[in-house]
Amino acid sequence: MTKIVTDVVCPFCGTLCDDLEVKVSDDGTQILEVYNACVIGTEKFLHSQAKDRLKVPQMQDEEGNWKDVSIDDAVDYTAQMLCNAKKPLMYGWSSTNCEAQSTGNEIAEIVGAVVDNTATVCHGTTLIAVQDVGVPSCTLGEVKNRADRIVFWGCNPAHAHPRHMSRYSIFPRGFFTGKGHKARKMVVVDPRSTDTAKMADVHMQIEQGRDYELLSALRVAVRGAPLPETVAGIPRETIQDVAETLKSGRFVVIFFGMGVTQTLSKNHNIDMAISLTRDLNEYTKAAIMPMRGHYNVTGSGQVLGWQFGFPFCVDLSRGFARYNPGDSSSNDLLRRGEVDAVFVLGSDPGAHFPISSVKKIAQLPSVCVDPHHTPTSAVCKLHMPVAFVGVEEAGCAYRMDNVPIETRKVVEAPEGMVSDEEFLKMVLTRVKEIKGVA
Amino acid sequence: MAEYLIKNGFVFDPVLGINGDKADIAVKDGKIVESTALSNPQVIDAAGKTVMAAGVDIHAHVAGPKVNVGRNFRPEDKLFNCEAGKGVRRMAGGFSVPTVFRTGYLYARMGYGTVMEAAMPPLYARHTHEEMRDTPILDQGAYPVFGNNWFVLEYLKNNEMENVEAYISWLLRTTRGYAIKIVNPGGTEAWGWGLNCNSIHDPVPYFDITPAQIMKGLMDANEALRLPHSIHIHTNNLGNPGNFETTLETFKLFEGAKPNNDFGRKQVMHHTHVQFHSYGGDSWANVESKADEIMNYVNSHDNMTMDLGCVTLDETTTMTADGPFEHHLTELNHLKWANTDVELETAAGVVPYVYSPNIKVCGIQWAIGLELALMAKDPMRVFITTDHPNAGPFFRYPRVMKWLMSQKAREAQMDSLKWAEKVRGATFLSGLDRELTLYEIAAMTRAGTAQALGLADMYGSLKPGLQGDVAVYDYNPETAEDPELIEKAFSNAAYLLKGGEVVVKDGEIVSNGNKKTLWVDAKVNDNPQVRRDITEKFLRYYTVTEANYEVNEKVFMKNPYRIEVDATQ
Ligand code: SF4
């Protein structure tokens, strides 16, 4: 007999779909099928079943040879590395639960580490903009129930957040949106003709990197002030039409992604997008929301926030929390050679950081905690494979609208494997022993 | 567990009627006991010191999504106030929105043991509980917001009281909530369309019900459920000149209503941060205090309680589920604005604010907060708060106490205002020579709040049998002359015993205690219709499934403490 686990939360992207159903074998060890998830989400579950799954920690010697080690050795290496370092970097945290993040933060506090999450190369610019101008936002259910004007700016949910449009933003019929997508106007701003853009009522095919100009132009158009003939490659009339479309809506939402957070002007783009949203609130109701990528990058920002007061780039090395992106951010620290050990959990900087940073990681004492072989694990001295959080381990995660959901445990992890949190707890205990703190 | 004998202090306990007499307080097994019950106590010498039950805060925003927005979007709030961890203390920082650790430590250092989070959006209950779980020392509970909830609006519109009650019972249990909070009833739902309800008779768009009906209906439900706390109201029209009339109209809705509960609670309605609701005039140019009219009403109606919301003249971070108000505020001060509308339930906004002594209106607001307390006839019904962090940070309570206990201190503050004469002209403060006593302060900060929360059998007094929460302050009421001593002593408790354990010693945190999280489980008769409606709404309008909504006690709460109520008759 098989059984179906319902209300399963997908631990892949910031959409954090929580309506999955997973068919598991009678003994609770095998995932047989995944229902309701998109292809990426399904893969995340099925991947945990891979036959060649890593189960044993491995260490790399000077010559680059890997050898198996025990979990105790892995714990000890990690704890020693963190305690011996003057300023270790503890990076990642976006693909794990808040409980693990919290334990990691406690370790970081004791050893005086810098804690940073993947926002540093993603929506960190958004977090900075929010510190400058705030953020009028809402939960995704408000979008579903009220929104009739949807903008996707520099993001491609059709590929990156596959169920976003069907669950929340374009297709669903909500309380005040009984006509579903028929009563919604969809605007996409993207230099590429993406699958999302192809669905839009209006696709503003902006010139690469000119987001700041176009956002400014929209603010001008919303106020009815004169515009030049084209801005960022978009004709004046189109800009004015879009401004009118937004103003005439009952509830406007702007979703934005890395296509605008990490292009020229960075946080200033987001400043401008938020200011546009603010302006629109003079005429109608408007909200704005970042399309957060990892399923719990938002949670890392929340936990860091209530524990230390800052959402990322938190430098604890001086004994108190310090925050200064550009200085206390991972890539700046690595490239300046300011950190002397690197601990990675719940992300893959090896695949996403500039090569100059990855080279630095390769030269330093380093630990990668990840269920898989990744480009990061390849350059780290210790690779600690762990259970899949959200599949083999429950725990809290925050959706892109900051709504926390408790992920579910669907199957047992292979025998002898520990979770992120368990591993971190062991490291914490060892760190306390080494440091002689209670 | 250790036994303690707190010897020879000046004890202030309005519940026991002890007004500064020298007495010994005994604590054993986590509880207050008769001193004869001790066998081998550790003695704490409290000679020349003030002894009270630990403080109980009825209204502060200390945990949850909007609080964390306040932290994360204001790095500047952490300037010059970050502390390194030491001993049992974690790193801490933040001024108007401290980190959870600092929140716990600062309250404990003020001799407080219990703090209620004043507004929990149900969909974010998990977040609120995660923060409370990480907040050391303090016993806490959180009030879920109900005043703009679609279930409530629909049931009340159809006059289906049993359904309202069943829904409330379900939501309190599902979110592990403590009481019924109402914030800008109807107005926050209207804010979903960028609108507001400015009076208690403005109909809510689409739902076709008025704020008055919402508040009255929820009060009836609260009494039918016999909950420990009453409804907890922040009424419409907050912060606007002339709004005292809305406030009085709100008060009057409850005339003649009687409390119904087994918890010793005597009010049917608690109105919060009344300072923000006591303005006369019709513009910021002629705004004036109406504290007299408000307090005349409160003094002559004993079925209500209130707290002050004292402005402390600091730079702070405002945050409230009154979404339209925060938008209004950002239009006023042009500082950064965060807002979150929460599906089917509520909204919240956050805006930094500077209560400058150089601004006339701020001076008037400062005066009104104090006037309300000084005009109060029954300190067991009027409580000290700053609506933290809205009118100022909670760690200014000792400063508020100083102003309330010393006319000299408040006159000195008045003189330092840039528009002192104008403030005097628009308020009553300079004409009030009352100086509150420590006995009254004890009522306004612990005995009264514990009673209003329905927690008088746990907190607020030194009566044997109550929880061993005792604060000792280095303040000698017989000899202390300088009002500054009040602020100093009450900011740095000599001792705090929490649940019978020493948590603060000489102003330093020595233990993280063993906090409890309080919640109310009100049993009602099975109600299939409400069950069906909940399932339906989750299927169609919520974005999380019904099964993923409930807060898992084991994971998200530290020492959950369930208070059971049986309303099945
Ligand atoms: S959209 Fe995102 S959260 Fe939803 S199933 Fe796909 S990967 Fe998972």
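Everything below is about the structure shown above.
No experiment lies behind these values; they were computed from the predicted model shown.

Trainee: Tell me about the overall build of chain B, and please be specific about residues and values.
Mentor: Summing up its helical and strand segments, chain B has 18 helices and 24 strands in all. With respect to the principal axes defined by its C-alpha atoms, chain B has extents near 65 × 55 × 50 Å. Across the 569 residues in chain B, those meeting the buried criterion constitute 69%. Long-range pairs, those at least 24 residues apart, make up 77% of the contacts in chain B between residues at least 6 apart in sequence. If you sum the accessible surface of chain B, you get close to 17500 Å²; carbon and sulfur atoms cover 48% of it.

Trainee: Could you give me a rundown of the interface of chain B and chain A, with the residues and numbers involved?
Mentor: Often, the extent of an interface is quoted as the loss of accessible area upon association of its parts. Across the contact, 58 residues belong to chain B and 62 residues belong to chain A. Counting the surface lost from both chain B and chain A, the interface buries some 5000 Å², and carbon and sulfur atoms represent 53% of this. Linking chain B to chain A there are 4 salt bridges. Counting the contacts that link chain B with chain A gives 39 residue pairs in polar contact (both at pLDDT 80 or more). Split into classes, the residues belonging to the side of chain B that touches chain A amount to 26 nonpolar, 16 polar and 16 charged. Alignment of strand β8 (residues 134-138) of chain A against strand β16 (residues 337-342) of chain B, held across 5 bridges, turns out to be parallel. Opposite Cys138 of chain A, over in β16 of chain B, you have Asp341 of chain B as the bridge partner.

Trainee: Describe in detail empty space enclosed by the protein, supporting the description with residues and values.
Mentor: All chains considered together, the criterion is met by 7 cavities of 30 Å³ or more. A volume near 610 Å³ is recorded for the largest cavity. Surrounding the largest cavity, 35 residues form its lining, Val130, Val135, Gln302 and Asn402 of chain A together with Val69 of chain B being those nearest its centre. At the level of elements, α4 (124-133), β8, β15 (285-290) and α13 (297-308) of chain A together with α1 (65-72), β16 and β17 (346-354) of chain B are the ones that each hand at least two residues to the lining of the largest cavity. When residues in the lining of the largest cavity are grouped by element, the largest group, 5 residues, is from α1 of chain B. A class-by-class count of the residues in the lining of the largest cavity yields 19 nonpolar, 13 polar and 3 charged.

Trainee: Tell me about the sheet that holds strand β9 (residues 149-153) of chain A, and name the residues and values.
Mentor: All names here are of chain A. With parallel pairing, 5 strands are arranged side by side in an open sheet as β11-β10-β9-β14-β15. The open sheet is flanked by β11 (202-204) and β15, the only strands paired with a single partner. Ignoring which end each strand starts from, the neighbouring axes of this sheet average 15 degrees apart. By the bridge criterion, 3 bridges tie strand β10 (residues 185-189) to β11 in an arrangement that is parallel.

Trainee: Break down the packing of aromatic side chains for me, citing the residues and quoting the values.
Mentor: Tallied over the full model, the rule gives 37 aromatic pairs over all chains. Pairing Phe175 of chain A with Trp150 of chain B gives two aromatic rings, centres 4.5 Å apart and planes at 45 degrees, and the pair type is tilted. Of the two residues, Phe175 of chain A is situated in the loop between α7 (164-169) and β10 and Trp150 of chain B in helix α4 (residues 150-157); the pairing between them involves two chains. The class of Trp150 of chain B is buried, set by a relative accessible area of 0%. Cluster of aromatic residues (ring-pair linked, three or more members): Phe146, Phe151, Tyr155, Tyr167, Trp170, Phe538, Tyr542 and Tyr549 of chain B. The ring of Phe244 of chain B has Lys290 of chain B sitting right over it, with the charged end atom 5.1 Å from the ring centre.

Trainee: Outline the site of the ligand, listing residues and values.
Mentor: All names here are of chain A. Near the ligand, the surroundings consist of Cys10, Phe12, Cys13, Thr15, Leu16, Cys17, Ala37, Cys38, Gly41, Pro162 and Arg163. Placement of the ligand is best described as lying within the second largest cavity. A class-by-class count of the residues in the shell around the ligand yields 8 nonpolar, 2 polar and 1 charged.

Trainee: Which residues make up the pairing of strand β19 (residues 470-473) of chain B, and what values go with them?
Mentor: In the case of a regular strand, side chains alternate between the two sheet surfaces. Residues and elements named next belong to chain B. With burial as the criterion, each face of β19 is covered, one bearing Val470 and Val472 and the other bearing Ala471 and Tyr473. The sheet contact formed by strand β5 (residues 50-53) and β19 spans 4 bridges and is antiparallel. Across the sheet, residue Thr50 finds its bridge partner in β19, namely Tyr473. One ladder, built from 3 bridges, connects β19 with strand β20 (residues 495-498); its direction is antiparallel. Paired with Val470 across the bridge in β20 is Leu497.

Trainee: Quick one: what's the story with unusual backbone geometry, residue by residue and with numbers?
Mentor: Here the amide bond leading from His388 of chain B into Pro389 of chain B is cis, since omega sits at -5 degrees, within 30 degrees of zero. Structurally, Pro389 of chain B is set in the loop between β18 (382-383) and α12 (397-405). Backbone geometry places Trp93 of chain A, a non-glycine residue, at a positive phi of 70 degrees. By secondary structure assignment, the location of Trp93 of chain A is in the loop between β6 (89-92) and α3 (98-111). Look at Arg226 of chain B: it is not a glycine, yet its phi comes out positive at around 55 degrees. Tracing the chain through its elements places Arg226 of chain B in the loop between α7 (211-225) and β10 (231-234). Overall, Arg226 of chain B belongs to the buried group, its relative accessible area being 19%.

Trainee: Report on the nonpolar core, specifying residues and quantitative values.
Mentor: The biggest cluster of nonpolar side chains holds 204 residues, and the ones touching the most others in it are Phe152 of chain A together with Tyr107, Tyr167, Tyr178, Leu218 and Trp366 of chain B. Within the second largest apolar cluster, 44 residues are counted, among which are Ala79, Cys83, Ala85 and Leu127 of chain A.

Trainee: Any chance you could break down the sheet that holds strand β9 (residues 181-183) of chain B for me, citing the residues and the numbers?
Mentor: All names here are of chain B. Pairing is parallel in the open sheet, where 5 strands are placed in the order β9-β10-β11-β14-β18. Whereas interior strands pair on both sides, the edge strands pair on one side only; in this sheet they are β9 and β18. Judged from the 2 bridges that link them, strand β14 (residues 304-307) and β18 form a sheet pairing that is parallel. Bridge assignment links Met306 to a residue of β18, and that residue is Val382. Packed on one face of the sheet, α7 meets β9 and β10 and runs near 160 degrees to β10. Lying over the sheet, helix α8 (residues 244-252) contacts β10, β11 (269-271) and β14, oriented at roughly 165 degrees with respect to β11.

Criteria and cut-off values
Residues numbered from 1 in each chain as written. Chains lettered and ligands numbered in written order. Predicted model: local features only at pLDDT ≥ 70, side-chain atom pairs only at ≥ 80, totals over all residues. Heavy atoms only, no water. Helix = DSSP H or I, 4+ residues; strand = E, 2+ residues; numbered from the N terminus. Buried < 20%, exposed > 50% of the residue type's maximum accessible area, 1.4 Å probe, protein only. Contact = heavy atoms within 4.5 Å. Areas by Shrake-Rupley, 256 points an atom, 1.4 Å probe, with all protein chains shown as cover. Buried area = accessible area lost by both parts, 1.4 Å probe. Salt bridge = Lys/Arg side-chain N within 4 Å of Asp/Glu carboxyl O. Polar contact = N/O pair within 3.5 Å; in protein donor to acceptor, adjacent residues only side chain to side chain. Nonpolar A, V, L, I, M, F, W, Y, C, P; charged D, E, K, R; others polar. Pairing = 2+ DSSP bridges. 1 Å grid on protein atoms, 1.4 Å probe; cavity = no way out; pocket = protein on both sides within 12 Å on 5 of 7 lines; lining within 4 Å. Points joined across faces, edges and corners; volume = space filled by probe spheres on them. Axes fitted to C-alpha atoms, helices over the stretch in contact; angles between N-to-C directions. Phe/Tyr/Trp six-rings, centres within 6.5 Å; stacked < 30°, edge-to-face > 60°. Lys NZ or Arg CZ within 6 Å of the ring centre and 35° of its normal. Near = heavy atom within 4 Å. Sits in = over half its atoms within 2 Å of the grid points. Core = buried A, V, L, I, M, F, W, Y, C linked by side-chain atoms within 4.5 Å.

By themselves, these figures tell us nothing about what the structure is for.
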